[in-house]
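Summary of structural features
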Amino acid sequence: MTTAPTPQKIILNTTINGQEHQLLIAPHHSLLETLREAAGLTGVKEGCNDGNCGACTVSLDGRIVDSCLVLGAEAEGKQVQTVEGIAPDGQTLHPLQQAFLEEAALQCGICTPGFLVAAKALLDSEPDADEDRIRLWLAGNLCRCTGYDKIIRAVQKAQG
Amino acid sequence: MHPFQYLAPTSVAEAVDALARYGDRARALAGGTDILVQTRTGRFDLDAVVDVKRVPELTALALGEDGLSIGAAVPCHRIYEDAEIAGLYPGLIDAASLIGGIQIQSRASLGGNLCNASPSADGICPLIVHYAQAHTAGPNGRRSTPVEEFCLAPGQTVLGTGEFLVSIELPRPPAGFGAAYQRFIPRNEMDIAVVGVGSSLTLNAAGDRIEAARVALAAVGPTPILAQAAGDSLVGKAPSIDAFREAGELAADAARPISDMRGDVNFRKELVRVLTRRTLTTALERAQS
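Keep in mind it's a predicted model, so treat the numbers as computed, not measured.

Chain A puts 31 residues into the contact, and the matching count from chain B is 34 residues. Of the roughly 2,700 Å² buried between chain A and chain B on both sides combined, carbon and sulfur atoms contribute 61%. The tally of links from chain A across to chain B stands at three salt bridges. Put simply, Lys53 of chain B and Glu74 of chain A hold a salt bridge, and the shortest N to O gap is 2.5 Å. Inspection of the region where chain A meets chain B yields eleven residue pairs in polar contact (both at pLDDT 80 or more).

Moving on, we come to the environment of Leu93 of chain A. Residue and element names in this part refer to chain A. Note that Leu93 resides in the loop between strand E5 (79–81) and helix H2 (95–102). Under the relative-accessibility criterion, Leu93 is labelled partly exposed at 37%. Setting aside chain neighbours within four positions, we find Leu93 in contact with Ala87, Pro88, Gln98 and Leu101.

Applying the stated rule across the entire model yields 23 salt bridges over all chains. A salt bridge links Glu81 of chain B to Arg63 of chain A; the shortest N-O distance between them is 2.9 Å. Taken together, the positions of Glu81 of chain B in the loop between helix H3 (76–80) and helix H4 (83–88) and Arg63 of chain A in strand E4 (residues 63–66) put the pair across two chains. Take Arg63 of chain A: its relative accessible area is 21%, and that puts it in the partly exposed class. Linking Lys120 of chain A and Asp124 of chain A is a salt bridge whose minimum nitrogen-to-oxygen distance equals 3.0 Å. Placement of the pair is Lys120 of chain A and Asp124 of chain A together in helix H3 (residues 112–125), with a separation of four residues, close to one helical turn. Judged by relative accessible area, which is 55%, Asp124 of chain A ranks as exposed. Linked through salt bridges whose partners overlap, the residues forming this network are Glu74 of chain A together with Asp51, Lys53 and Arg107 of chain B.

Next up on the list: the domain arrangement of chain A. Frequently, the measure chosen for interface size is the accessible area that the parts lose on association. Residue and element names in this part refer to chain A. Per the domain assignment, the segments of chain A are domain 1 (10–85) and domain 2 (95–158). Here the C-alpha centre of domain 2 lies 21 Å away from the C-alpha centre of domain 1. Summing both partners gives a buried area of about 1,000 Å² for domain 1 against domain 2, and 65% of it is carried by carbon and sulfur. Here domain 1 and domain 2 share zero salt bridges between them. Along the contact surface separating domain 1 from domain 2 lie four residue pairs in polar contact (both at pLDDT 80 or more). Broken down by element, the side of domain 1 that touches domain 2 gets its largest block of residues, three residues, from strand E3 (residues 57–60). Within the side of domain 1 that touches domain 2, the residues separate by chemical class into five nonpolar, seven polar and one charged.

A word on the pairing of strand E13 (residues 210–218) of chain B. Residue and element names in this part refer to chain B. Counted residue by residue, E13 has seven buried out of nine residues, so it is predominantly covered. Of the strand pairs in this sheet, strand E12 (residues 195–203) and E13 are connected by eight bridges, and their pairing is antiparallel. Looking across to E13, one finds that Gly196 is bridged to Ala218. In textbook terms, the turn of a hairpin is the stretch between consecutive antiparallel strands, and for E12 and E13 this stretch comprises six residues, one of which, Gly207, has a positive phi near 80°. The pairing of E13 with strand E14 (residues 225–226) spans two bridges and is classified as antiparallel. When the bridges of E14 are listed, Leu217 appears paired with Ile225. In textbook terms, the turn of a hairpin is the stretch between consecutive antiparallel strands, and for E13 and E14 this stretch comprises six residues, one of which, Ala219, has a positive phi near 70°.

A word on the environment of Thr276 of chain B. All names here are of chain B. In this fold, Thr276 is placed in helix H11 (residues 265–288). Remark: the alpha-carbon pair of Thr276 and Thr202, spanning 74 residues in sequence, is separated by 16 Å. In contact with Thr276, other than residues within four places in its own chain, are Val197, Ser199, Val215, Leu217, Ala247, Gly248 and Ala251.

Let's shift gears to helix H1 (residues 12–22) of chain B. All names here are of chain B. Among the residues making up H1, those that are buried are Val12, Ala15, Val16, Ala18, Leu19 and Tyr22. Along the long axis of H1, the arc covered by the buried residues comes to 165°, so they all point the same way. Turning to H1, the residues buried within the fold contact strand E1 (5–7), strand E2 (26–29), strand E3 (48–51), strand E6 (133–138), strand E7 (141–146) and strand E10 (164–171). Residue Gly23 follows H1 closely and has a positive phi angle near 55°.

Glancing now at the sheet that holds E12 of chain B. Residues and elements named next belong to chain B. Strand order across the open sheet formed by four strands is E11-E12-E13-E14, with antiparallel pairing between neighbours. For this open sheet the edge positions go to strand E11 (177–184) and E14, each flanked by a neighbour on one side alone. Sitting on the sheet, helix H10 (residues 241–254) is in contact with E12, E13 and E14, with an inclination near 40° to E13. Of the strands in this sheet, E11, E12 and E13 are in contact with H11, which crosses E12 at around 35°.

Cut-offs applied
Residues numbered from 1 in each chain as written. Chains lettered and ligands numbered in written order. Predicted model: local features only at pLDDT ≥ 70, side-chain atom pairs only at ≥ 80, totals over all residues. Heavy atoms only, no water. Contact = heavy atoms within 4.5 Å. Buried area = accessible area lost by both parts, 1.4 Å probe. Salt bridge = Lys/Arg side-chain N within 4 Å of Asp/Glu carboxyl O. Polar contact = N/O pair within 3.5 Å; in protein donor to acceptor, adjacent residues only side chain to side chain. Helix = DSSP H or I, 4+ residues; strand = E, 2+ residues; numbered from the N terminus. Buried < 20%, exposed > 50% of the residue type's maximum accessible area, 1.4 Å probe, protein only. Domains from an automatic or database assignment. Nonpolar A, V, L, I, M, F, W, Y, C, P; charged D, E, K, R; others polar. Pairing = 2+ DSSP bridges. Arc of directions from axis to C-beta. Axes fitted to C-alpha atoms, helices over the stretch in contact; angles between N-to-C directions.

The structure is reproduced here in structure tokens:
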């Protein structure tokens, strides 16, 4: 059996918000740490760091995941989307972001990037989701401020 | 977290080599929803994490004449999003669509749920009542284990050093088969089962007699429990609420719950009675449809 020395850093090639990145990361770092510390994308938030709160939600090859429960190394060759990539041109807010502002669907804001990424995935896959479906879809995202109703209303507003 | 290496083998043989080389200091990584949390909280210190998702067999999901083969790393969403699988294996779908939230279902696998061997696992009872076999590979080759014999204690399985789960195989259900899984939780979503029950039954061609039945229990013992007497009590009988109630009593006898913050012994036994009756009722409806 091997007693391992401290593992060397590895090079990660991945696409984040449409841009190819080559990052030097520790092999045991999560995708959350990779995005925040190696890629400098601090929109993705750490909440519980154990998969309960959804604050670190990002899209990985089109599926939402808790980035705290993914190793950065697993993103090799994959497409990652964070809250920074939601606004279509980086200037105009996405309809969801605008609706969150108009419906006051945030207070402290820590959970908001995760909610936006999850809600965008819902609108992309089920644009006509009813309230029950929206609540089910967002069950993996916790908010300790607003009590959810405003968030649900914002998602419904963004549905048009 | 203890720093570890990330290894991504592309064949079963390479994965066995990697796991065997590091022994207790390595774990297989499928969806990561248990192992990364456990590693972070210091349940074990690892020198290597072996990502098995690049091994084609581990991510294969194949429905054939003989049944369904689920690669050990196939995430829950791939199972419930397949309409044909959903129709044939309703007990699995109940579990795959209630484990965690959407984010967890994107990653978590039934194979990982089995290897994690939590007494409250939602995925294991449905596998048992669908008569599933676990196929593993290790330094001594391959072997198969009935899922009801796979878990030995909380967090402990039959897996030896260097051995890992490759796939889970479920026979194709006969005509007249139905199954269901339900759990009790105080919330609507994202919770750990206080009690979970999976049931299945097979009706004869006329639909008036039960030919085979299984009841399996979660969170009422150190491992998931196949309540053999409960299932056997139904064989040869006409399906009825009285027969289901009696099976519920026998299932409660087989339960060995502890009292903790989520429920005491009597409450958990009562939940076993109720959920056995309800899951058998749903299984019957599905067998008849």
